[in-house]
Protein chains: 2
Amino acid sequence: MKKKLSIRDIANHLNISKTTVSFILNGKAKEKRISDVLTEKVLKYIEEKDFKPNQLAKSLSTGKTMIIGLMVEKISDYFFAKVAYHLEELAYQNGYKIIYCSTENDTEKTKELIKLFHDRQVDGYIITPPVGIEDEIRELISENLPVVLFDRYLPALDTSYVGLDNFGGTYNAVKHLIKCNYKNIAFVELESDQTQMHDRQQGYLKAIEENKLEPIIKKISFQNTTAITVDELTGLLQKQPEIDAMFFATNYLAMSGIKAINQLNLKIPDNIAVIAFDDHDVFDIYNPSITAVAQPIDEMAKELINILLDKMESRTEIAAVKKVEVPARLILRNSTRNS
Amino acid sequence: MKKKLSIRDIANHLNISKTTVSFILNGKAKEKRISDVLTEKVLKYIEEKDFKPNQLAKSLSTGKTMIIGLMVEKISDYFFAKVAYHLEELAYQNGYKIIYCSTENDTEKTKELIKLFHDRQVDGYIITPPVGIEDEIRELISENLPVVLFDRYLPALDTSYVGLDNFGGTYNAVKHLIKCNYKNIAFVELESDQTQMHDRQQGYLKAIEENKLEPIIKKISFQNTTAITVDELTGLLQKQPEIDAMFFATNYLAMSGIKAINQLNLKIPDNIAVIAFDDHDVFDIYNPSITAVAQPIDEMAKELINILLDKMESRTEIAAVKKVEVPARLILRNSTRNS
DNA sequence: ATACCTATCTAAACCGGTTTAGCAAGGACT
DNA sequence: AGTCCTTGCTAAACCGGTTTAGATAGGTAT
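Since this is a predicted model, take the numbers as computed values, not measurements. (Residues numbered from 1 in each chain as written. Chains lettered and ligands numbered in written order. Predicted model: local features only at pLDDT ≥ 70, side-chain atom pairs only at ≥ 80, totals over all residues.)

Colleague: Looking at this structure, I do not really get the overall build of chain A. What am I missing?
Modeller: Secondary structure assignment for chain A yields 13 helices and 12 strands. Relative to the compact-globule value of 20 Å for 339 residues, chain A shows a C-alpha radius of gyration of 26 Å, a clear excess of over 25%. Expressed as lengths along the three principal axes of its C-alpha atoms, the size of chain A is roughly 85 × 40 × 35 Å. Within chain A, the fraction of its 339 residues that count as buried is 44%. A separation of at least 24 residues holds for 69% of the contacts in chain A among residues at least 6 apart in sequence. (Helix = DSSP H or I, 4+ residues; strand = E, 2+ residues; numbered from the N terminus. Rg over C-alpha atoms; globule rule 2.2 N^0.38 Å. Buried ≥ 20, exposed ≤ 12 C-beta atoms within 10 Å, placed from the backbone. Contact = placed C-beta atoms within 7 Å.)

So, in structure tokens, the structure goes:
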């Protein structure tokens, strides 16, 4: 088990000081007036031994870890997994790595995780915040650490943010249903005080009201599972049998809804139309395929990294606030009639 | 912007040495004979200031980072995302964090990533290896670093490994099809030299041969996408119209297959039965729901962490080899006739 | 001969912890 | 009085880098 080479070993071997080696390693040879001859010699030796400086030591003295902390609600969810995948790619291209965690949307767990990331001195934070962690985020920013919120924001806090135009996405989708002549459009959402739910609901309401229709809102309270049960759906349809279309505010909600609709032996879209918010591989292969409001995931990832990179590399003020709302894309499939 | 407290600041403030503070922080007060009075005083101050030691400095001197490097083929795939989720949870409970990367099954990228993790001195590696990185893995192990392979192994290398019983899982699933009186069962797989594909194929062949049926194997070569096209399926069915069941060797393959089957207006399971290897949320909500060979994801995650933890905490020899093949679970749904 | 550049390179402090070796004081034993 | 423990604590080296503030040698202008 050969032990790793250090900068000191190199210096000793070549009979020079480690300062010199460090300068050369960091491309400061010219600036620090190290002769070309010596520079060459050192570089050659480094190449030969495939020397890699110890990142821990480097981080300790520079204070930079080149690590981005990513906290999403649940890394195994389709949307977050995809975003993580793109973020990782982009971060990697810029020399950064990602440490990630799932918050489970639990405020206490998130507080702990923020502390953990902080102790590990990550250089930047991407967070899908649960409610109630305003103080911790504020604290980070006051320490001059780059933070970008994602997917949902904290209304009480003026921070950088990347998310979807939830309002517009829903509004357009519901308008599309209306144009296809659906008259009784139910909106199924999770009992939640997160901004994205709220914005989606507002988008729905605006479209409904503009067209003088009656809003039908069903809130699903979720314990462990974000699903609508057959019983809940049956109840809804008994109370309001006129429902001819359903807009599900999340993809998992839509999946459970579709399953329930199947179990009641209703046909999509003949008996009932379906639109899901947030696309999923499933919706494309499903029979019938399911119309969905899609988030442009790669675009969001790009915006996130750009904003964070600008802050981390001090190209912009770290406290500078940049909010981006990317437009949603309505992907028309076969779970709705054509207009 | 208050600057962070260090162990030296604490020592100075209390007029003691930082050695003492360090001992107390690490619970070695008793062992190092620090008086209870002083211990109390220090702990109180630490509590009061909410002091957290700098992990970088700690890692630099101890050589431990408490970070596990996870390299999966693609973090956004259903299976890997789920595994990652469970791993993160378990690692977290044991004080470890996870850094992850997607290899894209690209040997060169994987080599780079291993180097990267190595530079960052992660304490342990969980890797789904692409072919051709035997040397790098061997190198890690020879440096006494804990490594566990996952999902697939490298036949040329005797290392710890956690994976599914691919052979048995496929064998049982195909036997089930045969019991349900299907006679012409096609096996659709990816053109790949990974062990898990090979093992699945062998399981299929054994079941077919034992029952004196004719094997029908279709290999899909994949560039960007792991999918079977409508054309490919049409071709297959034209050549062998007797096919009455299809076993797809991966879940994404199954999804594309199901989509193609739909487009050919064939009915599942009336015209053709379907079984997928590797479960997916989709299969449960699909109509008809799809029978699948499921990997017990949480169990696999548990095994992985256990083996790795044993090595990392030196409870077992680091080079000790422990191979675990967990049995697959056949989840019967509605894409096959009953027996 | 003196003062002043300039080009090259380096000693030493620093980042914030861990750990080894050992000091000082008091008590017990002979 | 001398030896030997035991208790309670600490100085200083170390991990492997970065960075500041010079040191040294040779050349040039006065």
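The discussion continues.
Colleague: Quick question: what am I supposed to make of the interface of chain B and chain A here?
Modeller: The extent of an interface is frequently quoted as the accessible surface area lost upon association of the parts. Taken together, the 34 residues of chain B in the interface contact 35 residues of chain A. Elements that contribute at least two residues to the side of chain B that touches chain A include exactly α4 (55–62), α5 (78–93), β2 (97–102), α11 (251–263) and α12 (281–285) of chain B.

Colleague: Sorry if this is basic, but what is going on with the relation of the copies chain B and chain A here?
Modeller: Relating the two copies of this chain is a rotation about some axis coupled with a shift parallel to it. Rotating chain B by 180 degrees and moving it 0.0 Å along the rotation axis overlays it on chain A with an RMSD of 0.1 Å. Both copies are brought into coincidence by an operation consistent with a two-fold rotation axis. For chain B, the minimum C-alpha distance to the rotation axis belongs to B:I99 and amounts to 2.4 Å. Looking at the interface residues of chain B, 100% of them are also at the interface in chain A, so both copies use one shared face. (Least-squares fit on C-alpha atoms with pLDDT ≥ 70 in both.)

Colleague: Hey, could you run me through unusual backbone geometry in this one?
Modeller: In most cases, non-glycine residues show a negative phi, while peptide bonds are predominantly trans. The linkage connecting A:N287 with the following residue, A:P288, adopts the cis geometry, with an omega of 0 degrees. Checked against the element boundaries, A:P288 lands in the loop between α12 (281–285) and β10 (291–294). B:I268 connects to B:P269 through a cis peptide bond whose omega is 0 degrees. If you trace the backbone, B:P269 turns up in the loop between α11 and β9 (273–277). Backbone geometry places A:N181, a non-glycine residue, at a positive phi of 80 degrees. Structurally, the position occupied by A:N181 is in the loop between α8 (166–179) and β6 (185–190). Overall, the presence of 11 C-beta atoms within 10 Å leaves A:N181 in the exposed class. One non-glycine residue, B:N15, lies in the positive phi region at around 60 degrees. Counting through the fold element by element, B:N15 comes out in the loop between α1 (7–14) and α2 (18–25). Taking the number of C-beta atoms within 10 Å as the measure of exposure, B:N15 has 6 and is therefore exposed.

Colleague: So what exactly am I meant to see when it comes to the nonpolar core here?
Modeller: As a rule of thumb, nonpolar side chains are buried together in soluble globular proteins. Core analysis: the biggest nonpolar cluster contains 96 residues, and A:A84, A:L304, B:A84 and B:L304 have the highest contact counts within it. Look past the residues within four positions of B:A84 in its chain and what remains in contact with it is A:I75, A:S76, B:L70, B:V72, B:I75 and B:Y100. Grouped together as the second largest cluster of nonpolar side chains are 92 residues, B:A207, B:L233, B:M255 and B:V274 included. (Core = buried A, V, L, I, M, F, W, Y, C linked by C-beta atoms within 7 Å.)

Colleague: Is there a simple way to think about the protein's contact with DNA strand C in this case?
Modeller: Surveying the vicinity of DNA strand C reveals 27 residues, the closest of which are A:S17, A:S35, B:I7, B:S22 and B:A57. Sorting the residues of the surface near DNA strand C by element identifies α2 (18–25) and α4 (55–62) of chain A together with α2 and α4 of chain B as the ones contributing at least two each. Looking at the surface near DNA strand C residue by residue, the class counts come to 10 nonpolar, 12 polar and five charged. (Near = placed C-beta within 6 Å. Nonpolar A, V, L, I, M, F, W, Y, C, P; charged D, E, K, R; others polar.)

Colleague: Explain the protein's contact with DNA strand D here, please?
Modeller: Surveying the vicinity of DNA strand D reveals 27 residues, the closest of which are A:I7, A:S22, A:A57, B:S17 and B:S35. In terms of residue class, the surface near DNA strand D is built from 10 nonpolar, 12 polar and five charged.

Colleague: Can you walk me through the sheet that holds strand β9 (residues 273–277) of chain A in this structure?
Modeller: As a general point, the strands of a sheet are linked pairwise by backbone hydrogen bonds and lie either parallel or antiparallel. Residue and element names in this part refer to chain A. Strands sit in the order β7-β6-β8-β9-β10-β12 across an open sheet of six strands; the sheet is mixed. Every interior strand has two partners, whereas the edge strands, β7 (216–220) and β12 (329–331), have only one. Each neighbouring strand pair of the sheet contributes to a mean axis angle of 20 degrees, computed without reference to strand direction. The sheet contact formed by β6 and strand β8 (residues 245–248) spans four bridges and is parallel. Pairing of F187 across the sheet is with F247, part of β8. On the sheet, helix α9 (residues 195–210) packs against β6, β8 and β9 and is oriented at approximately 170 degrees with respect to β6. (Pairing = 2+ DSSP bridges. Axes fitted to C-alpha atoms, helices over the stretch in contact; angles between N-to-C directions.)

Colleague: It is not clear to me how the domain arrangement of chain A should be interpreted in this structure. Could you clarify?
Modeller: Here chain A is partitioned into domain 1 (7–53), domain 2 (63–163 + 297–327) and domain 3 (166–295). For domain 1 of chain A and domain 3 of chain A, the distance between their C-alpha centroids amounts to 64 Å. (Domains from an automatic or database assignment.)

Colleague: Just checking my understanding: could you explain the environment of A:K206 for this structure?
Modeller: Residues and elements named next belong to chain A. Inspection of the secondary structure assignment puts K206 in helix α9. On the basis of neighbour count, K206 is assigned to the partly exposed category, with 16 C-beta atoms found within 10 Å. Between the alpha carbons of K206 and V174 there is a distance of 9.3 Å; along the sequence they are 32 residues apart.

Colleague: Hey, could you run me through the packing of helix α1 (residues 7–14) of chain A against α2(A) in this one?
Modeller: How two helices sit against one another is set out by the angle between their axes and by the gap between those axes. Residue and element names in this part refer to chain A. Orientation of α1 relative to α2, taken along the N-to-C sense of each, is 115 degrees, at an axis distance of 8 Å. In terms of axis orientation, α1 runs roughly perpendicular to α2. α2 is crossed by α1, and the crossing has right-handed handedness. Counting all contacts with α1, which are made through I7, R8, I10 and A11, the residues of α2 involved are K18, V21 and S22. A per-class count over the contact of α1 with α2 returns four nonpolar, one polar and two charged. (Parallel < 35°, antiparallel > 145°, perpendicular 65-115°, else oblique. Left-handed = near helix turned anticlockwise from the far one by under 90°.)

Colleague: Quick question: what am I supposed to make of the pairing of β8(A) here?
Modeller: Every regular strand shows the same layout, with side chains that alternate between the two sheet faces. All names here are of chain A. Burial along β8 is two-sided: the face carrying A245 and F247 and the face carrying M246 and F248 are both buried. Here four bridges tie β8 to β9, and the two strands are oriented parallel to one another. The residue of β9 that forms the bridge with F247 is I275. Following the chain from β8 across helix α11 (residues 251–263) to the adjacent parallel β9, one finds a crossover that is right-handed. (Right-handed = clockwise from strand over helix to strand, strands pointing away.)

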